[in-house]
Amino acid sequence: MTVGSLDRIGLRRKPKQERSIQRLDLILSAATAIIAEKGVSAMRMTELAVAAKVPIGSVYQYFPEKAAIVKALFDRHASAIQDRIADAFSKVQSVDHALDVLSATIDWHYDDYRRDAAYLGIWMGTETDHDLLRLNIEHSKRIADIFEDTLRRVAPELSGADMQARTYLFSHLLGASIRLAIVSEDSLARRILDEWKRVIRMAFLSPVAA
């Protein structure tokens, strides 16, 4: 991603005073509520200002456009997810344990997105903008790094595999499978995820053929 892209969807101004921090939090809280109700595409900056009870100029003071608001919310969610996954995998001591933790990760991702409309809306909203999509891909890469570090620690026998490529691919496919499950009826969604877990157990840690 280019610096220009980051500037386009980044904060125009980072608040330092307590009052400014509170105003920014009001804007992001209001955005979360609107996204939960209507989705990202239906959110309007004027509506957001009214909901946050701040002047429209205050919204634009921090956010040059709607994509910047989505980025700020996505960054919060992505950071929390990465911390949670890093903590879970830091305790892994074997290949079987790694697979169990990975299966649990799929389940809690799915459950969190199912019950939190804002969480889902923000995630889906990253697909509406090229630079936001790149952020999502970078998030997948950071998750992949956690997987790779864990596997190199507990499964050195897989050193012949291109674990960087494999973990990156599986991390991205994990997100895609959860997205597919979320837009499916719940009973089918669970079966989709169960099938994906079986694929992971068969293929994710398979050795490279001689």
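Please read these numbers as outputs of a predicted model, since none were measured by experiment.

J.: Summarise the overall build of the protein chain; cite the residues concerned and give the values.
T.: When helices and strands are counted, the protein chain shows ten helices and zero strands. What you see in the protein chain, going N to C, is helices and strands ordered as α-α-α-α-α-α-α-α-α-α. The C-alpha extent of the protein chain, read off along each of the three principal axes, is 65 × 40 × 30 Å. In the protein chain, the share of contacts with a sequence separation of at least 24, taken over all contacts with a separation of at least 6, comes to 72%. Surface accessibility of the protein chain: about 11000 Å² in total, with carbon and sulfur atoms responsible for 55%. Within the protein chain, the 28 negative side-chain charges are centred at a point lying 6 Å from the centre of the 29 positive side-chain charges.

J.: Explain the side chain of D112 residue by residue, including any values.
T.: Structurally, the position occupied by D112 is in helix α6 (residues 95-115). Residue classification places D112 among the buried residues on the basis of a relative accessible area of 13%. If we ignore the near neighbours within four places in the chain, the residues touching D112 are R84 and Y119.

J.: Let's hear about unusual backbone geometry: which residues, and what values?
T.: One non-glycine residue with positive phi stands out, namely K53, at about 60°. Tracing the chain through its elements places K53 in the loop between α3 (45-52) and α4 (56-62).

J.: How would you summarise the side chain of S177 if you had to cite specific residues and measurements?
T.: By the secondary structure assignment, S177 is in helix α9 (residues 163-182). We classify S177 as buried; its relative accessible area is 10%. If near-sequence neighbours (up to four positions away) are discounted, S177 is found in contact with I192, L193 and W196.

J.: How would you explain the pattern of salt bridges if you had to name every residue and give the values?
T.: This model, assessed by the stated rule, comprises 16 salt bridges. Across the pair R76 and D25 runs a salt bridge whose closest N-O atoms are separated by 3.1 Å. Remark: D25 occurs in helix α2 (residues 18-38) and R76 occurs in helix α5 (residues 66-90); sequence separation between them is 51 residues. Judged by relative accessible area, which is 48%, R76 ranks as partly exposed.

J.: Give me helix α7 (residues 117-125): which residues, what numbers.
T.: Since one α-helical turn is 3.6 residues long, residues separated by three or four positions face the same way. Across the nine residues of α7, seven count as buried, placing the element largely inside the fold. A118, Y119, L120, G121, I122, W123 and G125 are the residues of α7 that are buried. Taken together, the buried residues of α7 touch α2, α5, α6, α8 (130-154) and α9.

J.: Can you break down the packing of α6 against α7 residue by residue, with the values?
T.: Interaxial distance between α6 and α7 falls to 5 Å at its minimum, and their mutual angle equals 105°. One way to sum up the angle between α6 and α7 is to call them roughly perpendicular. Facing D112, Y113 and R115 of α6, the residues of α7 in contact are A117, Y119, L120 and W123. Counted by class, the contact of α6 with α7 contains five nonpolar, no polar and two charged residues.

J.: Before we move on, could you go through the nonpolar core and cite the residues and values that matter?
T.: F63 and I69 are the most contacted members of the largest nonpolar core, which has 64 residues in total. The leading source of residues in this core is α5, at eleven residues. Not counting residues within four places of it along the chain, the set of residues in contact with F63 comprises L11, R12, L24, I27, L28, M45, A68, I69 and A72.

J.: Any chance you could break down the packing of aromatic side chains for me, citing the residues and the numbers?
T.: In this structure the tally under the stated criterion is six aromatic pairs. Taking the centre distance of 4.1 Å and the plane angle of 20° together, the rings of Y113 and W123 count as stacked. With Y113 in helix α6 and W123 in helix α7, this residue pair connects regions lying ten residues apart in the sequence. The same class applies to Y113 as to W123, namely buried. A centroid spacing of 5.7 Å and a plane angle of 20° characterise the contact between F170 and W196, whose relative ring orientation is stacked. Placement of the pair is F170 in helix α9 and W196 in helix α10 (residues 186-203), with a sequence separation of 26 residues. Accessibility expressed as a relative area gives 11% for F170, which makes it buried. An aromatic cluster of at least three residues, connected via ring pairs, comprises F89, F147, F170, W196 and F204. Sitting above the plane of the W108 ring, R84 keeps its charged end 3.7 Å from the centroid.

Conventions and cut-offs
- Sequence order sets the numbering: in each chain, residues are counted from 1 along the sequence as written.
- Reporting in this predicted model follows two pLDDT cut-offs: at least 70 for local features of residues, and 80 or more for side-chain atom pairs to be given and counted; totals over whole chains, interfaces and linings ignore these cut-offs and use all residues.
- The side-chain numbers reported here are obtained from all heavy atoms of the structure, hydrogens and water having been left aside.
- Per the convention used, a helix needs a DSSP run of H or I reaching at least four residues, while a strand needs a run of E reaching at least two, with both numbered from the N terminus.
- Contacts: residue pairs with any heavy atoms within 4.5 Å of one another.
- Each accessible area is a Shrake-Rupley estimate made with a 1.4 Å probe; only the visible protein chains count as cover when residues are assessed.
- Charged residues are defined here as Lys and Arg on the positive side and Asp and Glu on the negative side; His and the ends of the chain fall outside this count.
- The location of each charge is read from NZ of Lys, CZ of Arg, CG of Asp or CD of Glu.
- Burial classes follow relative accessibility: with a 1.4 Å probe on protein chains only, a residue under 20% of its type's maximum area counts as buried, one over 50% as exposed, and anything between as partly exposed.
- What makes a salt bridge here is a side-chain nitrogen of Lys or Arg within 4 Å of a carboxyl oxygen of Asp or Glu, nothing more.
- Only the stretch in contact is used when a helix axis is fitted, and all axes are lines through C-alpha atoms; the angle between N-to-C directions ranges over 0 to 180 degrees.
- If an angle is under 35 degrees, it is roughly parallel; if it is over 145, roughly antiparallel; if it lies from 65 to 115, roughly perpendicular; otherwise it is oblique.
- The residue classification treats Ala, Val, Leu, Ile, Met, Phe, Trp, Tyr, Cys and Pro as nonpolar and Asp, Glu, Lys and Arg as charged. All others, Gly included, are polar.
- Working definition of a nonpolar core: buried Ala, Val, Leu, Ile, Met, Phe, Trp, Tyr and Cys residues. They are joined through side-chain atoms within 4.5 Å.
- Whether two aromatic rings pair depends on their centres lying within 6.5 Å, for rings of Phe, Tyr and Trp, where Trp uses its six-membered ring; planes under 30 degrees apart make the pair stacked, over 60 edge-to-face, and the rest tilted.
- The criterion is that NZ of a Lys, or CZ of an Arg, lies within 6 Å of the ring centre and within 35 degrees of the ring normal, and then a charge sits over that ring.

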